[in-house]
Amino acid sequence: MIYVDFSGSQIIRKLIAGACFMALAGGASAAVAAEKINIYSHRQQVLIQPFLDAFTAKTGIETNVVYAAKGLAQRLKAEGPASPADVILTVDIARLAEYADLDLLAPIQSKILTENIPSRLRADDNRWFGLSERARILVTSKSRVADGEIADLEDLAKPEWKGRICSRAGSHDYNRALVASMIAAHGEAATEAWAGGVVANLARKPQGNDRSQAKAIFQGLCDVAVMNSYYYGNMKFGDKADQKEWAQSIRLVFTNQSNRGNHMNISGGGVAKYAKNKAAAIAFLEFLTEEKAQQLYGEINFEYPVNPAVTVNGELASWGKFKPDALPIERLADLAPKAQMIIDRVGW
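Calculation notes
Residues numbered from 1 in each chain as written. Predicted model: local features only at pLDDT ≥ 70, side-chain atom pairs only at ≥ 80, totals over all residues. Heavy atoms only, no water. Helix = DSSP H or I, 4+ residues; strand = E, 2+ residues; numbered from the N terminus. Polar contact = N/O pair within 3.5 Å; in protein donor to acceptor, adjacent residues only side chain to side chain. Contact = heavy atoms within 4.5 Å. Core = buried A, V, L, I, M, F, W, Y, C linked by side-chain atoms within 4.5 Å. Buried < 20%, exposed > 50% of the residue type's maximum accessible area, 1.4 Å probe, protein only. Disulfide = S-S within 2.5 Å. Salt bridge = Lys/Arg side-chain N within 4 Å of Asp/Glu carboxyl O. Phe/Tyr/Trp six-rings, centres within 6.5 Å; stacked < 30°, edge-to-face > 60°.

Some points on the side chain of Arg 136
Residue position: Arg 136 is located in strand β4 (residues 129-141). A distance of 2.8 Å separates the side chain of Arg 136 from the side chain of Asp 210, its partner in a polar contact. A polar contact of 2.8 Å, which involves the side chain of Arg 136, links it to the side chain of Asn 228. What Arg 136 contacts, discounting residues up to four positions off in sequence, is Arg 168, Tyr 174, Asn 175, Leu 178, Asp 210, Val 226, Met 227, Asn 228, Asn 262 and His 263.

Quick look at the structure:
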């Protein structure tokens, strides 16, 4: 495995220039001649490495990765046709939509991807694909909130929760997508009224990340918070004793189980528009939707499989079965601008 920053690598340019790849007609069914693929990843190395190792072990194709939290889309755009990137990996529909809006992804045809990924979790034009699902849930204090006392996102605006809710900033991608899901369910006017109610019920100014909300509940600053469920697993099994205590103090609530289902987001990826190793890039995405990789998403970062044929096992299964919101994930990107305007108007 080689890790390089492509910007100054003559070696990689030579490798790319020498790579042999097949024109595509059928995804993984096409012959894959490339020996390496080049990946731009917003996801951390600690989360991605096991997938890369498993892919190389199965196919013999090595991977080179550029890791960065921000700026990869702008870099890819600036590189243009000379870009060495073959695959983009990221999280959240907002970032996938950014790549699509900048015309940085190639539409691809793959029977494996369309069979393994439900249509609601991939782009209509097949330029990006959800690879794992991330549940945005409520967490409540085990000691101060009874089991079943809050059930729906809509409940957050009810007067009984005044001064009892904590949240990160509303304009964060995770919360913007959640507000977009509310618009899809109720329309703009009702969502703005709801969001205003949530803000009125906040125990403190929006701040911190999802872990900070669990900490605030542990400290007694609030009783309810919104959180991506994988943070619970990471705190519970991480190496920080204080975060284990935060996790022990909260209860997971999968919301809206009697109506539309729990709000979901995705991690995902696509093939770069100017990929030089396109067959291998598609083979990599296909691998990520297969049984072994789909289980890894749950084992490494407590994310849910997108492939409906893959069973949820282990720790994830212990959190209980739930109904996910069936809203096409692309709608979250479509409604994001309206969601942001609501967030700005209510001061979330």
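Quick notes on the nonpolar core
If you look at the biggest cluster of nonpolar residues, it comprises 76 residues, and the most contacted ones within it are Leu 89, Trp 128, Leu 156, Trp 194, Phe 284, Leu 285 and Leu 288. Each residue touching Leu 89, except ones within four places of it in the same chain, is listed here: Ile 39, Tyr 40, Ser 41, His 42, Arg 43, Ile 48, Leu 131, Gly 268, Gly 269, Phe 284, Leu 285 and Leu 288. Core analysis: the second largest hydrophobic core is formed by 26 residues, Val 139, Tyr 231, Trp 319 and Phe 322 among them.

Concerning the state of the cysteines
Taken as a whole, this structure holds one disulfide when the rule is applied. A sulfur-sulfur distance of 2.1 Å marks the disulfide that ties Cys 166 to Cys 222. The disulfide joining Cys 166 to Cys 222 has a torsion of about -120° about its S-S bond and is therefore left-handed. In this pair, Cys 166 sits in strand β5 (residues 165-166) while Cys 222 sits in the loop between α8 (210-218) and β6 (224-228), placing the two residues 56 residues apart along the sequence. Cys 222 carries the same exposure label as Cys 166, and that label is buried.

A word on the pattern of salt bridges
Side-chain pairs of opposite charge can arise whenever the charged atoms involved come near each other. Scanning all chains against the criterion turns up 22 salt bridges. In this structure, Glu 79 and Arg 75 form a salt bridge, with 3.2 Å as the shortest nitrogen-oxygen distance. With Glu 79 and Arg 75 both in helix α3 (residues 72-79), this residue pair falls four residues apart, about one helical turn. On the basis of relative accessibility, which here comes to 21%, the residue Glu 79 falls in the partly exposed class. A salt bridge links Arg 127 to Asp 125, with the nearest nitrogen and oxygen atoms 2.7 Å apart. In this structure Arg 127 comes out as buried when scored by relative accessible area, which is 17%. Owing to a relative accessible area of 34%, Asp 125 belongs among the partly exposed residues under this scheme. In the salt-bridge network here, residues are joined through shared partners; they are Asp 103, Asp 125, Arg 127 and Lys 273.

Some remarks on the side chain of His 42
Along the polypeptide, His 42 turns up in the loop between β1 (36-41) and α2 (45-59). Its relative accessible area of 13% is what places His 42 among the buried residues. A distance of 3.1 Å separates a polar side-chain atom of His 42 from the backbone oxygen of Ala 69. With sequence-adjacent residues up to four places away left out, His 42 is seen in contact with Ala 68, Ala 69, Lys 70, Leu 72, Leu 89, Thr 90, Arg 95 and Tyr 99.

Comments concerning the environment of Val 312
Looking at the secondary structure, you find Val 312 in the loop between β9 (304-305) and α13 (314-318). Note on Val 312: relative accessible area 31%, which makes it partly exposed. Separated by 134 residues in the primary sequence, Val 312 and Leu 178 have C-alpha atoms spaced 24 Å apart. Contacts of Val 312, omitting those with residues within four sequence positions, involve Tyr 304, Pro 305 and Ala 317.

Examining the packing of aromatic side chains
What the rule picks out here adds up to ten aromatic pairs. Note on Tyr 232 and Trp 319: the rings are 5.4 Å apart at their centroids and 70° apart in plane angle, and the pair reads as edge-to-face. On the criterion of sequence distance, the pair formed by Tyr 232 in helix α9 (residues 229-237) and Trp 319 in the loop between α13 and α14 (329-346) is long-range, its members being 87 residues apart. An identical accessibility class is assigned to Tyr 232 and Trp 319; each is buried. Taking the centre distance of 5.1 Å and the plane angle of 75° together, the rings of Tyr 304 and Phe 322 count as edge-to-face. Linking Tyr 304 in strand β9 with Phe 322 in the loop between α13 and α14, this pair joins segments that are 18 residues apart in sequence. With respect to burial, Tyr 304 and Phe 322 carry one shared label: buried. Clustering of aromatic rings is evident, with ring pairs tying together Tyr 232, Phe 237, Phe 302 and Trp 319.

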